[in-house]
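Topology and contacts: notes
One letter stands for each residue in the lines below.
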Amino acid sequence: MQYRLLIAFGAGLISAVVFASATTGPLLMRMVLFLLTPLPLFLAGLGLGPLAAIVAGIAGATLVVIAGTPIGGLVFAASQAVPVIILTYLASLNREAPDGSVEWYPVGRLVFVAALLAGGFSALTLLLLGADAEALRTALREMLQAFVDNELPKMQDAPTFGPADIDELTSLALALLPAASAISSMSSLLFNLWLAGRITMASGRLPRPWPDIPAMVYPPMTPLLLAGATAAGFLGGLPGMFAAGFAGPLFFAYVLLGLAVVHYITRGRPWRVFALWALYGGLFVMNSVASLAIALLGLAEAIWPMRKPPPPPGGQSPPD
């Protein structure tokens, strides 16, 4: 037990160092480092158990507070430690089915919880930046001004921005920030959960069988939550921004569900590879339109199920 906790402590320190490193250096490198920040925590949680994730999260947050600031520790805890602890705990839950088999916490519900956690972190981000819409606008403008003054000159052939341009960018950032930050956070959580799961499965330490991801389903109330958050997103001020912060990741969840549907219904088809290449190519080229179409496909699945026959037995799945 002490050996496991020591490994978890080290994983937390590594995650904190990566988190701190994501604040300096080239922009692309910072994005990659921030994306991979929760990976050591997920590895500890999935490979050693939820208690290890708690130890790693506390160790990482403590190091960020000691070496940085209390606000930095709060951001690390809210964006990395707490979501990882919750997701690894849920991933470890299981129960015995009436037929004697073991049922594990469904992967669709993990995606749903990740969306809610990302929405909560988006709300916290907004509160940290400003107590109201005007304070938030001022904070965003200062951040954009600092980027234009300090980072933009380092880029080759960078455009110049005047005060009016920065005002327009501020308005755009204010509209996009809640949903964009939440989708980014959710993407990071799910990617690292998947990657850590693959690594721990390869090492033989993953306690549960690999889930059939293309067969995932969401809780029945998910479409209503998406509709309510989208409608509330049209409200003014912080309430509308909070709602948009939840609508973004819930919409992204249905993009993932639409992709899962395509992966599922093309199993065993001779044209599967071409269909998937076309799907992801279209998603890359026509991001907005393709994302909406794929999300609508995911929403349609809740009304007209398309994934037949039933998922493979025993929790095993093809390598999607």
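Here, the structure is the one placed above.
So, here is what we can say about the structure in this document. (Residues numbered from 1 in each chain as written. Predicted model: local features only at pLDDT ≥ 70, side-chain atom pairs only at ≥ 80, totals over all residues. Heavy atoms only, no water.)

A closer look at the overall build of the protein chain
- Of regular secondary structure, the protein chain possesses 12 helices and 2 strands.
- For the protein chain, the N- to C-terminal ordering of α and β elements is α-α-α-α-α-β-β-α-α-α-α-α-α-α.
- Over its C-alpha trace the protein chain gives a radius of gyration of 21 Å, about what one expects of a compact globule, namely 20 Å for 320 residues.
- Where the 15 positive side-chain charges of the protein chain centre and where its 15 negative ones centre are 14 Å apart. (Helix = DSSP H or I, 4+ residues; strand = E, 2+ residues; numbered from the N terminus. Rg over C-alpha atoms; globule rule 2.2 N^0.38 Å. Lys, Arg positive; Asp, Glu negative; His and termini not counted. Charge placed at Lys NZ, Arg CZ, Asp CG, Glu CD.)

Here we look at a nonpolar patch on the surface
- Among the surface-exposed residues, Leu-28, Met-29, Met-31, Val-32, Leu-35, Leu-36, Phe-191 and Trp-194 lie close enough to one another that they form a single nonpolar patch of about 730 Å² accessible area.
- Every element with two or more residues in the nonpolar patch is listed here: α2 (27–36) and α8 (163–203).
- The leading source of residues in the nonpolar patch is α2, at 6 residues.
- By relative accessible area, Trp-194 is classed as partly exposed at 39%. (Patch = residues over 30% accessible without salt bridge, like charges linked within 9 Å, V, L, I, M, F, W, Y side chains within 5 Å. Areas by Shrake-Rupley, 256 points an atom, 1.4 Å probe, with all protein chains shown as cover. Salt bridge = Lys/Arg side-chain N within 4 Å of Asp/Glu carboxyl O. Buried < 20%, exposed > 50% of the residue type's maximum accessible area, 1.4 Å probe, protein only.)

Here's the deal with the nonpolar core
- With 56 residues, the main nonpolar core has Leu-87 and Met-186 as its most contacted residues.
- Ignoring any residue separated from it by four or fewer positions in sequence, one finds Met-186 in contact with Val-111, Ala-114, Ala-115, Ala-118, Pro-249, Phe-252, Ala-253 and Leu-256.
- Counting residues in each nonpolar core, the second largest holds 6 residues, with Leu-136, Leu-174, Leu-238 and Met-241 among its members. (Core = buried A, V, L, I, M, F, W, Y, C linked by side-chain atoms within 4.5 Å. Contact = heavy atoms within 4.5 Å.)

Observations regarding the pattern of salt bridges
- Applying the stated criterion to the full structure yields 4 salt bridges.
- For Arg-141, the salt bridge identified is with Asp-167, shortest N-O distance 2.7 Å. Of this pair, Arg-141 sits in helix α7 (residues 133–151) while Asp-167 sits in helix α8, and the two are 26 residues apart along the sequence.
- In this structure Arg-141 comes out as partly exposed when scored by relative accessible area, which is 25%.

Quick notes on the packing of helix α10 (residues 237–265) against helix α12 (residues 287–303)
- Where α10 contacts α12, the two axes come as close as 7 Å, and the packing angle between them is 75°. The angle between α10 and α12 places the two elements in the roughly perpendicular class. Within the contact between the two elements, α10 uses Phe-251, Tyr-254, Val-255, Leu-257, Gly-258, Leu-259, Val-261 and Val-262 and α12 uses Ser-291, Leu-292, Ile-294, Ala-295, Leu-297, Gly-298, Leu-299 and Glu-301.
- Across the contact of α10 with α12, the residue classes break down as 12 nonpolar, 3 polar and 1 charged. (Axes fitted to C-alpha atoms, helices over the stretch in contact; angles between N-to-C directions. Parallel < 35°, antiparallel > 145°, perpendicular 65-115°, else oblique. Nonpolar A, V, L, I, M, F, W, Y, C, P; charged D, E, K, R; others polar.)

Some words on the packing of aromatic side chains
- Counted by the stated rule, this structure contains 4 aromatic pairs.
- On the basis of an interplanar angle of 80° and a centroid distance of 5.3 Å, the ring pair of Phe-19 and Phe-76 is categorised as edge-to-face. With Phe-19 in helix α1 (residues 2–21) and Phe-76 in helix α5 (residues 70–92), the pair connects residues that are 57 residues apart, well separated along the chain.
- Overall, the relative accessible area of 10% leaves Phe-19 in the buried class.
- Given a relative accessible area of 0%, Phe-76 falls into the buried group.
- Within the aromatic cluster, the residues linked to one another by ring pairs are Phe-19, Phe-34 and Phe-76.
- Over the ring of Trp-210 we find Arg-198, and its NZ or CZ is 4.2 Å from the ring centre. (Phe/Tyr/Trp six-rings, centres within 6.5 Å; stacked < 30°, edge-to-face > 60°. Lys NZ or Arg CZ within 6 Å of the ring centre and 35° of its normal.)

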